[in-house]
Each structure stands twice: as structure tokens, then as C-alpha cells.
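Topology and contacts: notes
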Amino acid sequence: MRFVDMHEDFGFSSQTEDVISGNKQSSIRLLNAASNNAVIFASIFPHVNTVNEISDYLSEKYGHPSKASSPLFQVFLEQVKFYLYLERKGLVTIVRSRKDLDKDGIKFILSLEGADVLTDPYDVYILKELNVLVLGLTWNYDNKFASSCMSKKDYGLTGEGEELVRIANDLGIILDLAHASKRTVIDVTSSSKEPVIASHTNVKALKDHVRNLDNEEIDAIVKTKGIIGVTAINSTLSDHPSIQDLVNHAKYIGDNFGWDSVAFGSDFLGIDETPKGLEDVTKVKELSSLLGDRSEEVLWNNPMRILKKLLKG
């Protein structure tokens, strides 16, 4: 089978896990076992873990112990270098243009999770030169560009954030609203000239969680002709999280807002525990079976539509 996963944390996890031959959630070996044609949004999370009062706040919001972190540009570079190493080893293809999507095997699209490491909006030109083609405005922290879902004062998109959106649109860089605050979602969807995504999130109507989207946010993303990736983050699912929960969230979006708006973003390698039945990336086959006639649409057609529209070349 073929599939697109809109969020996996290969870069950050490579510091502590064997993401080439390992058995935890996802690895090059597991991806090859799952599919001969997979497109992965390979996250760059350029942070080092820290423990402080922010850890306490994040733990309260997520409902489980969570560490804080500190962004460092050198860590950003090291994760980019790691992905280039995987390509030199012949293990993946880094997607640099639209035509790379047609290649066989595992394809990685480099995706920056949170703009905290950027100095100003014009750093986006550096991202483009490094073939980082997806940009999340926030992680769990407010920054000079936008407020996050964890914000204590939701100020939305700033002036510098508006410039970042404009530049990203011009360069064909996909804007990702996972982790964004509600006002940020509304501001970005109002100002972006291109479709936007929320790569890994779920539905607030089914689980009231700070990381989930309410109907107004979903509708705003859908009106840009964007997509939403249902995710395997346990705390955003039911009290007994399972693979069926992801299908339920997908059905909610599909039935109420259109099935062309639904995708999949696991957050593998970025979560401690997975829902029952979705223990690793090889279980995407079971997810496909549960999605039935909608499988190809959710796992391939919808994200590929966005990629082929926005990527250059």
C-alpha cells in the first residue's frame, strides 16, 4: 500500500533511538515493511529538553508528564544534516520539488515544527534553501510570529507572523497550524493565499483537549482547501485510546466538513505511548482497512493534492 504520514519525529528521536533499524513506532526498517511508497513529513524539532515551571504547565495541559525545551539553531542544523545523511546512505529521498514525489521508496519532506528558532521572517528564505518545505508556526510556546495552543493570552498572528505567511506562500512552503492557538488559526487562514494544514491534531467536539481543533477552526482550514491530519496522541483521543478513535475523528471531519479535508499525521517517535491497534507504522494497513472506501483518499490523495499544488518544480 502507499500512504502519507504528515508528522513523524525522526530527527529529534535520532538522538536517543535507533530510527534506522529500530522497533519503536517508526524507523526506516518499519517503513519499508509497511510500504514501498511512503511519504513522510519528517519533523525538525530543534530543541533540547529542559525541566522547569513550563514543564509543569505543559504536563497539566497534556494530562501527562511533559518536559519543556529550549530552541537552538545548531540543533536545527544537526537534524537537517541527519536527514541528508539518510539520503546519502540511500535510505530515503529528500523531497525538493514536486517531481520527487513520483520516486519509489521512502520520501521525506522536511518539516520545521515551530518557528521559535527563527530570528525574523526572512529566515524563511534559508529554510527554502535547505529544502525545509513545511513550516509550523508554533510548537507549545508563543513566539514573535504567533501564539500557540498553550497560550495564556491568545494574540494570534503578529505583524512579523503576517510577513512570514506571505513569504512562505511566495516560496511554496506549506504552513502547518498544528499546535497553533485558535486566533492564530483564524488569522493565518484569513491571510494565507494558499491551502494550510494542521498536520497532527484531532477534533475538540469528540475530546475537549487543548491540542484539538474546534468546529470554527476546522471550517477555517477547510475553506483554504487545506487538510487536517488525525493523530495518535493518546491524550487527544478517548479515555481508552484505540485505532478506532482515529477513524472516529476522521469520520467527524469527513462527514461534517468533507472527506477531501481529512489526512493522517501519526506523531510517531514524538509520543510515549500509542493507541491500541496502532503500535507502529506497519499498523497503517489496519487503519486503511478501517477507513474502508475512504482509505486512499485520506492516506494518499488528499495530502498529495496539497503537495502537488504547493511544491515547486
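Before reading further, recall that the structure is shown in the block above.
So, here is what we can say about the structure in this document. (Residues numbered from 1 in each chain as written. Predicted model: local features only at pLDDT ≥ 70, side-chain atom pairs only at ≥ 80, totals over all residues. Heavy atoms only, no water.)

Here the focus is the nonpolar core. Among the nonpolar cores identified, the biggest contains 76 residues, and Phe 3, Tyr 83, Phe 108, Leu 112, Leu 118, Leu 135 and Leu 164 are the most heavily contacted of them. Considering each element in turn, this core owes the most residues, 7 residues, to helix 9 (residues 243–257). Excluding residues that lie within four positions of it along the chain, Leu 118 makes contacts with Leu 112, Asp 123, Val 124, Leu 127, Leu 135, Lys 144, Phe 145 and Leu 164. (Core = buried A, V, L, I, M, F, W, Y, C linked by side-chain atoms within 4.5 Å. Buried < 20%, exposed > 50% of the residue type's maximum accessible area, 1.4 Å probe, protein only. Helix = DSSP H or I, 4+ residues; strand = E, 2+ residues; numbered from the N terminus. Contact = heavy atoms within 4.5 Å.)

Mapped onto the fold, Glu 113 is located in the loop between strand 6 (105–112) and helix 5 (124–129). Lacking a salt bridge, the buried Glu 113 has Arg 211 as its closest oppositely charged neighbour, with an N-O distance of 5.9 Å. Polar side-chain contacts of Glu 113 include one of 3.4 Å to the side chain of Ser 43. At a separation of 3.3 Å, a polar atom in the side chain of Glu 113 contacts the side chain of His 200. (Lys, Arg positive; Asp, Glu negative; His and termini not counted. Salt bridge = Lys/Arg side-chain N within 4 Å of Asp/Glu carboxyl O. Polar contact = N/O pair within 3.5 Å; in protein donor to acceptor, adjacent residues only side chain to side chain.)

With that settled, consider helix 4 (residues 73–88). Taking 1.5 Å per residue, 16 residues should reach 22 Å; helix 4 reaches 23 Å between its end C-alpha atoms and fits that length. Those residues of helix 4 that fall on the buried side of the exposure criterion are Val 75, Phe 76, Gln 79, Val 80, Phe 82, Tyr 83 and Leu 86. Around the axis of helix 4, the buried residues are gathered within 150° of arc, so they sit on the same side. (Expected span 1.5 Å × (residues − 1). Arc of directions from axis to C-beta.)

Distances and angles like these do not, on their own, reveal function.
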